[in-house]
Amino acid sequence: MPKDTSIKHILIIGSGPIVIGQACEFDYAGSQASKSLREEGIVVTLINSNPATIMTDPVTADNVYLKPLEPKSIIEILEAHDIDCVLPSMGGQTALNLAMKCKEMGIWAKYNVRMIGVDVEAIEVTEDREKFRKLMGKIGIPMAPQATAKSFLEGKEVAQEFGFPLCIRSSFTLGGAGAAVVYEQAEFDKLLNRGLHLSPIKEVMIDKALLGWKEFELELLRDKNDNVIIICSIENFDPMGIHTGDSITVAPAMTLSDKTYQRMRDMAIHMMRSIGNFAGGCNVQFAVSDDENEDIIAIEINPRVSRSSALASKATGYPIAKIAAKLAIGYNLDELQNQITKTTSAYFEPTLDYVIVKIPRWNFDKFKGSDRRLGLQMKSVGEVMGIGRTFQEALQKACQSLEIKRNGLGADGKELKNQDQILDSLKNASWNRLFHIYDAYKMGIPTKTIQKITRIDPWFLEQIHELIELENQIQTFKLEDLPKALLYEAKQKGYADRQIAHLLNCWESEVFKKRQDFNIQRVYKLVDTCAAEFPAQTPYYYSTFEERNESVVTDKKKIVVLGSGPNRIGQGIEFDYCCVHGVLAAKECGYETIMINCNPETVSTDFDVADKLYFEPVFWEHIYDIILHEKPEGVIVQLGGQTALKLAEKLERYGIKIIGTDFKSLDLAEDRGRFSELLKENNIPYPKFGVAEDAETALKVCKDLGFPLLVRPSYVLGGQNMKIVINEQELESHVVNLLKDIPGNRILLDHFLEGAIEAEADAICDGEDVQILGIMEHIEPAGIHSGDSYALLPSFDLSDNVLEQIDRYTRVIAMKLNTIGLINIQFAVKDEVVYIIEANPRASRTVPFIAKAYREPYVNYATKVMMREKKLKDFKFNPYKKGYAIKIPVFSFDKFPDVNKELGPEMKSTGEAIRFIDDLNDDFFREIYSERNLYLSR
């Protein structure tokens, strides 16, 4: 049937601030859905409280409400607009919970609003684990032995009946909150209590743990005619017992027999049809026994766009959220177009002639003392995806994307060599178990032993073992006599030049020259959804080493935008927002835009954002080969956070033009000594500081500076490893630890201004003029990382004298750094004197917040300035004149219940929200302002 023409106006509910378990994949889903609906002439109103996303940008929807996700906000919107339907399936669990609450309160019925894209009964059945268990039993879908418990006593009785090990899962929670594998009675009581407490309905499901079974996911779509297609099969590298968000995953499934896959497919479709009659996306998770029987049991089903949907979309090229939105308004699959080929129907199942590997990204270093073991509760903060012709190539590319100071999987001299530590790591899975499997093989530990400990399928293990064998072959040669066939094989298996150089004890540049001499060239293949059966119209590419190159270079002038890589604390979705706006601005200036990024959760890696998308590691070798292939006018690095900035020095060295602020200025701002000289020459105050390269020097420097001291390594992100020390013993200990973790780094020591207030300014400079975008004042005093502090825009109690100093210093520093584009400067204010903490001539975390608060496309303006296409005088800046915007940090401490939650100079928040107030008498402001006075009183 065609679309429902009675639908004129739809409300989309977003997912709120980024938290572990619900990240920017829902920004991608909401943005896609809005674009899809607007194509149909439908008015889209959107509510979300997250200022860092593209989803809440005016380019996404007709009306954007940056409001708390609560019924009161929904009522305000329904009073202001004549809305026909609400689509809550694009905002994760947060949106679903809010939609269900509004239904219970009768809000939708009162305003005559239909819920589309979801089935209320399906949600209730799948979220209520007892109802789900009974339904699966009724339709003949096997599950693990399980029972629900609504009290501590009931839980104890279930444990006694089933015996250990057990799984505890809280009902109606996000990211596996409250879930745990329990091996013995001693830890059961504590984990049962926690699970009951975290469930909003005080219920847990307890099931017999099927440890060692393999885990799989299927992504499905269904239309109103009950046509169902499987978009993607995803296999977990790690066995059952690790949350799928924390597991390495592979698509398509690698180790399933076809017979078992067909059974699983039939079960998934049967389950989807049995839970309700709805059109849209669905995610189903299964466990398969690790024996020849390949018994299948169902784990759970999510009748909505899930966290895995973004990964499946990027893996296949099939835009799940976009199609799901069209299904929600009445279309059938066979009425819609394949977005990649543009000539075939959307009623098809994608075929992959490549492999994708997703690896999660963790930030355990931010949660010191936390339990780093992986389990049923998700702990990762982001993820990367590698695409290759083989599993090995995709695995190496994913490892190169992680930005954890590794060049790939192994071949970098960083192997663990202690057998006991390796075996312990294999047993107790953590973020580095993959690397320790490699180390185990390197040490000579056999597959049988590794498999027995990890329960990982032998096929995956043998793939890693083959890499070790290849390395052993390579090491029998020198670069001069390395056979072409062997070098070619290494490149096809994903090895970076840097890894091969390590094996041959030579320079990366020498390996690069060797493969040029052999004419071993990286080529680019299309992600086309159909294994090249039909021509693809969408330029979405990955690299490999073969003969035919499918990326055709045009004669247009081009700009490359370097993406921000995986989300992590200190570098999150706000930089993806900046990259997307950079692409849009470059397009408006008539350039062909090229995006390079490796994060499957983001809008920047949507195939229809840039003119060309290269889904590749933001890793030097990959970037350089793309630049050699495309020959762009230049590269934009200042929008992708520290990820892109770290590559500026190499771009400069290789003679590649950096668009906007040049490397020398970027480097000057990072070099504390030279930057302080610049401040001194211009009579700009800054805290006394020193630089040390070892603990002995640090102890000498502290004599002059005095305590307390703020101690940090140079070139860090999100205040990484920053600490305030108050005596020589603390100073020596921290410096020794820093240099152990980051050998060769210079340590910066600043006299810490106790009791100071922090502020920051974002500005654009075009080389002749400076436009200050906003001055934010932090609620917490100095000593709390700016990302973890509440902040008000504009400032609320800084004197005119202080504001004049901030304005003047911002203009001077921007000009003296030769800034072309964005700059962020952080200040400490004490006794009416403004001190400079640091300056970053690049996009900051706060730019999207200011842009949303003032409703101005500042990154768009800045990009055009960077490209020398516009001057500041060409733009009309409209300062926000009424009220205040509050930046609210959001934390995920619930995932790490035992860590120290006290805030300090190292950032710990995973996301942020925005709240608008009319004046300073607002109750919310008064509450957070009282916290500042508490800090100062201490």
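Placed above this text is the structure.
Worth saying up front: this structure is predicted, and the values here are computed from it rather than measured. (Residues numbered from 1 in each chain as written. Predicted model: local features only at pLDDT ≥ 70, side-chain atom pairs only at ≥ 80, totals over all residues. Heavy atoms only, no water.)

With that settled, consider the overall build of the protein chain. Looking only at helices and strands, the protein chain has 31 helices and 33 strands in total. Whereas a compact globule of 938 residues would reach a radius of gyration of roughly 30 Å, the protein chain reaches 27 Å, a difference of no more than 12%. Reported as C-alpha extents along the three principal axes, the dimensions of the protein chain are approximately 80 × 75 × 65 Å. In the protein chain, buried positions account for 66% of the 938 residues. When the accessible surface of the protein chain is split by element, carbon and sulfur atoms take 48% of a total near 34,100 Å². Distance from the positive charge centre (111 side chains) to the negative charge centre (136 side chains) of the protein chain: 1 Å. (Helix = DSSP H or I, 4+ residues; strand = E, 2+ residues; numbered from the N terminus. Rg over C-alpha atoms; globule rule 2.2 N^0.38 Å. Buried < 20%, exposed > 50% of the residue type's maximum accessible area, 1.4 Å probe, protein only. Areas by Shrake-Rupley, 256 points an atom, 1.4 Å probe, with all protein chains shown as cover. Lys, Arg positive; Asp, Glu negative; His and termini not counted. Charge placed at Lys NZ, Arg CZ, Asp CG, Glu CD.)

For helix 21 (residues 620-630), the tally of buried residues reaches ten of eleven residues, placing the bulk of the element in the interior. Within the span of helix 21, buried status applies to W620, E621, H622, I623, Y624, D625, I626, I627, H629 and E630. Backbone geometry just downstream of helix 21 places K631 in the positive-phi region, at approximately 55°.

All chains considered together, the criterion is met by 56 salt bridges. Measuring nitrogen to oxygen at the nearest pair gives 2.7 Å for the salt bridge that ties E403 to R568. Within this pair, whereas E403 is found in the loop between helix 12 (391-401) and helix 13 (419-427), its partner R568 is found in the loop between strand 19 (558-562) and helix 20 (573-588), the two being separated by 165 residues in sequence. A salt bridge links E466 to K493; the shortest N-O distance between them is 3.9 Å. With E466 in helix 16 (residues 458-474) and K493 in the loop between helix 17 (484-492) and helix 18 (497-504), the pair connects residues that are 27 residues apart, well separated along the chain. (Salt bridge = Lys/Arg side-chain N within 4 Å of Asp/Glu carboxyl O.)

Either a parallel or an antiparallel arrangement is found when strands of a sheet pair, and the pairing is made through backbone hydrogen bonds. The sheet built from four strands is open, its strands ordered 23-26-24-25 with antiparallel pairing. Only two strands of the sheet have a single neighbouring strand rather than two, namely strand 23 (689-692) and strand 25 (723-725). Taken pair by pair, the neighbouring strands of this sheet meet at an average axis angle of 25°, ignoring direction. Seen against the sheet, helix 26 (residues 695-705) touches strand 23, strand 24 (709-713) and strand 26 (747-751) and runs at an angle of roughly 170° to strand 23. Across the face of the sheet, helix 27 (residues 728-741) comes into contact with strand 24, strand 25 and strand 26 while running at roughly 10° to strand 24. (Pairing = 2+ DSSP bridges. Axes fitted to C-alpha atoms, helices over the stretch in contact; angles between N-to-C directions. Contact = heavy atoms within 4.5 Å.)

This part takes up the sheet that holds strand 15 (residues 355-361). Strand order in the open sheet formed by seven strands is 14-13-10-11-12-15-16, and the pairing between neighbours is antiparallel. The open sheet has two edge strands, strand 14 (296-302) and strand 16 (382-388), and neither has a second partner. With direction set aside, neighbouring strand axes in the sheet form an average angle of 25°. Pairing of strand 10 (residues 214-222) with strand 11 (residues 228-236), which is carried by seven bridges, proceeds in the antiparallel orientation.

A word on the side chain of K852. Note that K852 resides in helix 29 (residues 847-854). Of the side chains with opposite charge, D57 comes closest to the buried, unpaired K852, at an N-O distance of 4.7 Å. If near-sequence neighbours (up to four positions away) are discounted, K852 is found in contact with P51, A52, T53, T56, D57, L66, Y577 and F916.

One can describe the packing of helix 1 (residues 25-39) onto helix 10 (residues 307-316) by two numbers: an axis separation of 8 Å at closest approach and a directional angle of 70°. By the criterion of interaxial angle, the relationship of helix 1 to helix 10 is roughly perpendicular. Of the two possible hands of crossing, helix 1 and helix 10 adopt the one that is left-handed. Contacts between helix 1 and helix 10 involve E25, F26 and Y28 on the former and, on the latter, R307, A310, S313 and K314. Each residue belonging to the contact of helix 1 with helix 10 can be placed in one class, and the counts come to three nonpolar, one polar and three charged. (Parallel < 35°, antiparallel > 145°, perpendicular 65-115°, else oblique. Left-handed = near helix turned anticlockwise from the far one by under 90°. Nonpolar A, V, L, I, M, F, W, Y, C, P; charged D, E, K, R; others polar.)

Its place among the elements puts K895 in the loop between strand 32 (884-890) and strand 33 (911-917). Along the chain, K895 and S380 lie 515 residues apart, while their C-alpha atoms are 9.7 Å from each other.

To continue, consider the side chain of E393. Tracing the backbone shows E393 in helix 12. Buried and unpaired, E393 has no salt bridge, with K397 as the nearest side chain of opposite charge at 5.0 Å. Among residues more than four places away in sequence, those in contact with E393 are G388, K491, Q492, K493, G494, S543, T544 and F545.

This next bit is on the packing of aromatic side chains. Per the stated rule, a full pass over the model turns up 28 aromatic pairs. Aromatic pair W620 and Y654: ring centres 5.0 Å apart, planes at 50°, arrangement tilted. On the criterion of sequence distance, the pair formed by W620 in helix 21 and Y654 in the loop between helix 23 (648-653) and helix 24 (663-670) is long-range, its members being 34 residues apart. For W620, a relative accessible area of 4% gives the class buried. (Phe/Tyr/Trp six-rings, centres within 6.5 Å; stacked < 30°, edge-to-face > 60°.)

Moving on: helix 26. Listing the buried residues of helix 26 in full gives A695, A698, L699, V701, C702 and L705. Along helix 26, the residues classed as buried sweep out an arc of 165° about the axis, all on the same side. For helix 26, the exposed residues lying more than 90 degrees away from the buried face are E696, K700, K703 and D704. Of the residues that open helix 26, the one with a side-chain oxygen 3.3 Å from the backbone nitrogen of E696 is D694. (Arc of directions from axis to C-beta. Polar contact = N/O pair within 3.5 Å; in protein donor to acceptor, adjacent residues only side chain to side chain.)

This brings us to the packing of helix 14 (residues 433-443) against helix 15 (residues 447-454). Here helix 14 crosses helix 15 at 155°, and the two axes come no closer than 10 Å. Between helix 14 and helix 15, the angle is such that the two are roughly antiparallel. Pair helix 14 / helix 15 crosses with right-handed handedness. Contacts between helix 14 and helix 15 pair R433, I437, A440 and Y441 from the former with T447, I450 and T454 from the latter. Among the residues forming the contact of helix 14 with helix 15, the class breakdown is four nonpolar, two polar and one charged.

Let us now look at the pairing of strand 28 (residues 770-781). Among the twelve residues in strand 28, eleven count as buried, and that is most of the element. Bridge count for strand 27 (residues 757-765) against strand 28 is eight bridges, and the pairing is antiparallel. Bridged to C765 within strand 28 is V770. The antiparallel pairing of strand 27 with strand 28 creates a hairpin that spans four residues between the two strands, and G767 there sits at a positive phi of about 95°. Sheet analysis places strand 28 next to strand 29 (residues 791-793), joined by two bridges and oriented antiparallel. From the neighbouring strand, E777 faces strand 29, where its bridge partner is L792.

I10, L87, Y318, I359, L562 and V637 are the most contacted members of the largest nonpolar core, which has 172 residues in total. Contact partners of L562, with chain neighbours within four places excluded, come to C579, I596, I623, V635, I636, V637, G640, A644, L647 and L651. By size, the runner-up hydrophobic cluster in this structure holds 30 residues, among which are L135, M143, M267 and M272. (Core = buried A, V, L, I, M, F, W, Y, C linked by side-chain atoms within 4.5 Å.)

In terms of burial, strand 24 is largely enclosed, as five of its five residues are buried. Side-chain alternation along strand 24 places L709, V711 and P713 on one buried face and L710 and R712 on a second face that is also buried. Direction of pairing for strand 24 relative to strand 25: antiparallel, over a ladder of three bridges. Directly across from V711, in strand 25, lies its bridge partner K723. As paired elements, strand 24 and strand 26 share five bridges and run antiparallel to each other. In the strand pairing of strand 26, V711 is matched with L749.

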